[in-house]
Amino acid sequence: MSVNPVRGLLDSLSALFYISSIFGVIPYSLLAFAKRTVIQLSLVGNLWVVGSLVVYTGLYHVATINYTKDDWGSQKTLTNAIGIFIIYMEPFMMAVDMVAGMINQKRLAQCFDWLARLDNQLAGEGVLINNGLMRRYSIVLLLLMLLFEAIITVYSFVAFEEEFNAWSLIWFITTIPTALNSVCRIWYVMLVSAIRQRFNAMNAHMNAIAHGILHYKDQYAGEPDADIAEIPLDYLEKEIFTVYTQRRKQLSGATPPKKTNANPTTKVITVKPYQPKQPASPPLKPSVTPPPHHNSAIQPWPAADVGYGPAQEFLPTDRRLRPHIEQRLDNKLILFCRTHDELCEIGKVVNRMYSVQMLVAMAHGFVAITAEFYFLYCSLTQQEVPILFRTAEVFLLGLAYIVYTALKCIVPIFVCWRTKTDSQRTGIELHYLANAVDEVHCYEVVNHLSLKLLNHQLNFSACGFFDLDMTTLYAITGAITSYLIILIQFNLAAIQKSNSNSTIASNVSTTAMAVVEGVVTTALTTYVSN
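Residues numbered from 1 in each chain as written. Predicted model: local features only at pLDDT ≥ 70, side-chain atom pairs only at ≥ 80, totals over all residues. Heavy atoms only, no water.

1. Examining the overall build of the protein chain
Then comes step 1: From N to C terminus, the protein chain includes 14 helices and zero strands.
Then comes step 2: When the elements of the protein chain are put in sequence order from the N terminus, they spell out α-α-α-α-α-α-α-α-α-α-α-α-α-α.
Then comes step 3: Within the span of the protein chain, comprising 530 residues, buried residues form 46% of the whole.
Then comes step 4: In the protein chain, of all internal contacts separated by at least 6 residues, the share reaching a separation of at least 24 is 83%. (Helix = DSSP H or I, 4+ residues; strand = E, 2+ residues; numbered from the N terminus. Buried < 20%, exposed > 50% of the residue type's maximum accessible area, 1.4 Å probe, protein only. Contact = heavy atoms within 4.5 Å.)

2. A closer look at the pattern of salt bridges
Then comes step 1: Using the criterion set out here, one finds seven salt bridges in the structure.
Then comes step 2: E345 is paired through a salt bridge with K348; the nearest N and O atoms lie 3.6 Å apart. Of the two residues, E345 and K348 are both situated in helix 11 (residues 330-380); the distance of three residues between them amounts to about one turn of the helix.
Then comes step 3: Look at E345 and you get partly exposed, because its relative accessible area is 32%. (Salt bridge = Lys/Arg side-chain N within 4 Å of Asp/Glu carboxyl O.)

3. Re a nonpolar patch on the surface
Then comes step 1: A cluster of nonpolar side chains, V140, L144, L147, I151, Y155, L380, F395, L396, L399, V403 and L407, forms an exposed patch at the surface whose accessible area comes to about 950 Å².
Then comes step 2: Elements with a minimum of two residues in the nonpolar patch: helix 7 (132-160) and helix 12 (395-437).
Then comes step 3: On the accessibility criterion, L407 (33% relative accessible area) is partly exposed. (Patch = residues over 30% accessible without salt bridge, like charges linked within 9 Å, V, L, I, M, F, W, Y side chains within 5 Å. Areas by Shrake-Rupley, 256 points an atom, 1.4 Å probe, with all protein chains shown as cover.)

4. So, the UniProt feature "transmembrane region" (unreviewed entry) in the protein chain
Then comes step 1: Mapped onto the present numbering, the UniProt feature "transmembrane region" (unreviewed entry) falls at residues 15-34, 41-61, 81-100, 139-160, 166-188, 358-377, 397-417 and 473-492.
Then comes step 2: End C-alpha atoms of residues 15-34 are separated by 11 Å, and the span's content is 65% helix alongside 0% strand. (UniProt positions renumbered as here; feature names shortened; annotations may be inferred.)

5. So, helix 13 (residues 440-454)
Then comes step 1: Here helix 13 contains 15 residues, and its C-alpha end-to-end distance of 21 Å stays within 8% of the 21 Å for a straight helix at 1.5 Å per residue.
Then comes step 2: All buried positions along helix 13 are accounted for by V440, H441, C442, Y443, V445, V446, L449, S450 and L453. (Expected span 1.5 Å × (residues − 1).)

6. Digging into helix 2 (residues 14-22)
Then comes step 1: Residues S14, L16, F17, S20 and S21 constitute the buried set of helix 2. Down the axis of helix 2, the sector holding all buried residues measures 160 degrees, keeping them to one side.
Then comes step 2: Of the residues trailing helix 2, G24 is marked for its positive phi of about 80 degrees. (Arc of directions from axis to C-beta.)

7. Some details on the nonpolar core
Then comes step 1: Among the nonpolar cores identified, the biggest contains 120 residues, and F112, W187, Y188, V350 and L433 are the most heavily contacted of them.
Then comes step 2: Sorting elements by how many residues they give to this core places helix 8 (residues 175-218) first, with 22 residues.
Then comes step 3: If near-sequence neighbours (up to four positions away) are discounted, L433 is found in contact with M206, I209, A210, I213, L329 and L333. (Core = buried A, V, L, I, M, F, W, Y, C linked by side-chain atoms within 4.5 Å.)

8. Digging into empty space enclosed by the protein
Then comes step 1: According to the stated counting rule, one finds five cavities of 30 Å³ or more in the structure shown.
Then comes step 2: The computed volume of the largest cavity comes to approximately 480 Å³.
Then comes step 3: Surrounding the largest cavity, 26 residues form its lining, I87, E90, W171, T391 and Y401 being those nearest its centre.
Then comes step 4: Elements with a minimum of two residues in the lining of the largest cavity: helix 4 (43-68), helix 5 (77-103), helix 7, helix 8, helix 11 and helix 12.
Then comes step 5: A breakdown of the residues in the lining of the largest cavity according to their chemical character gives twelve nonpolar, nine polar and five charged.
Then comes step 6: In this structure, the second largest cavity spans a volume of roughly 150 Å³. (1 Å grid on protein atoms, 1.4 Å probe; cavity = no way out; pocket = protein on both sides within 12 Å on 5 of 7 lines; lining within 4 Å. Points joined across faces, edges and corners; volume = space filled by probe spheres on them. Nonpolar A, V, L, I, M, F, W, Y, C, P; charged D, E, K, R; others polar.)

Spelled out as structure tokens, the structure:
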């Protein structure tokens, strides 16, 4: 059965594409995608995005005014300012996402074309991408978004709406900006996950070749190498010792030259550049290709089930013959090195497209979670909660809002961090394969390609202010905790000051009454005596 990785990649995000196009998140042609499964620029799509942005923002403002009613002036000025900032930051994030989608629409289409071309190259080398994983991930994230939005919106409407009529249903409009923000985060997560999946596919393929070669050598029935078989060596020592030993054999067995030169020449091993294959038909999945989900470098490759895996093409059929890989593995390694470089470039393009959105999302998440935690504390201590944070009056509702906001920050950070670490693991798998081959030529090629991999640095950041990795998540968690403690301390100080003022006022009133009573008593006594 033929596999078309290009169509599979777009098909995997079809549900996400339809939802984004209908609600005006992305400005592409919905008709072209439905007919040919392609991303096509559309003027109508851009106008639809602009119109949706204006309508959503206006309806959100009307719904917010209807929700707060006349309670704006009953709260403190600072609390109102913070509430307005957090409430209206949601449509602001929606506007940033939709405008950025129109600005970066060509870049996004280029990223999909770039990934499709890389999938074709990897398929030509027997590395097939399971795009069904992307479909499942996107559907799970969309369902989680719908679940949280339904819980927060419906619960708030039932708990806090006083009059149930047709006009009160406008409250459900407030869920549109937060839902569209979540959809944009899902796009970002899916693109980064697609890059990570291709890193893992290359790493798993090299790991499978290495395990296949090692399994063949374990079953080797020929004469062992007496020079190094009995010497226990680590990886680096083995590489150096193997190169030194084989070159010493070449020098000892070579005949002395007839003429001596003042400048001795050294043997140069040339590496042919990679020339992509041009298959006449879509590539077929080899029968020995392992399942795509097996990508762990810790567990050995199940050679008993699939023979030697993808290493079969480099091994002799007779187990009495010692395997000699030599230059047959060069094209595959060079392709993987180039693919790694291109994937890093795609990651940089994705980072440039979404860096501003991630900066705004992280800022909103920090402020919203801190404020919700603080007013949740106020609610638990029977203190007044502002009208704009009435979700904190219900513990489960406030907790759901905190978890939902935190997930929109944690999931992108986690995916970016794992993609970065998986890109760095390619060099480790490359050297592990060279250690399994254990030939001078392979060591030299791998060392040469390793220098190139060192320059393929992939990093995701929010406009350069901070990296999207676990250290940032730790820093944000610590900042939320610190600011929450400070706010609670200020709150306790304000309560103590209020209590002390009440006590002083009560004492002053009692003293004044006593003085008045004393004066009246003295006056009456004087009057009676006279």
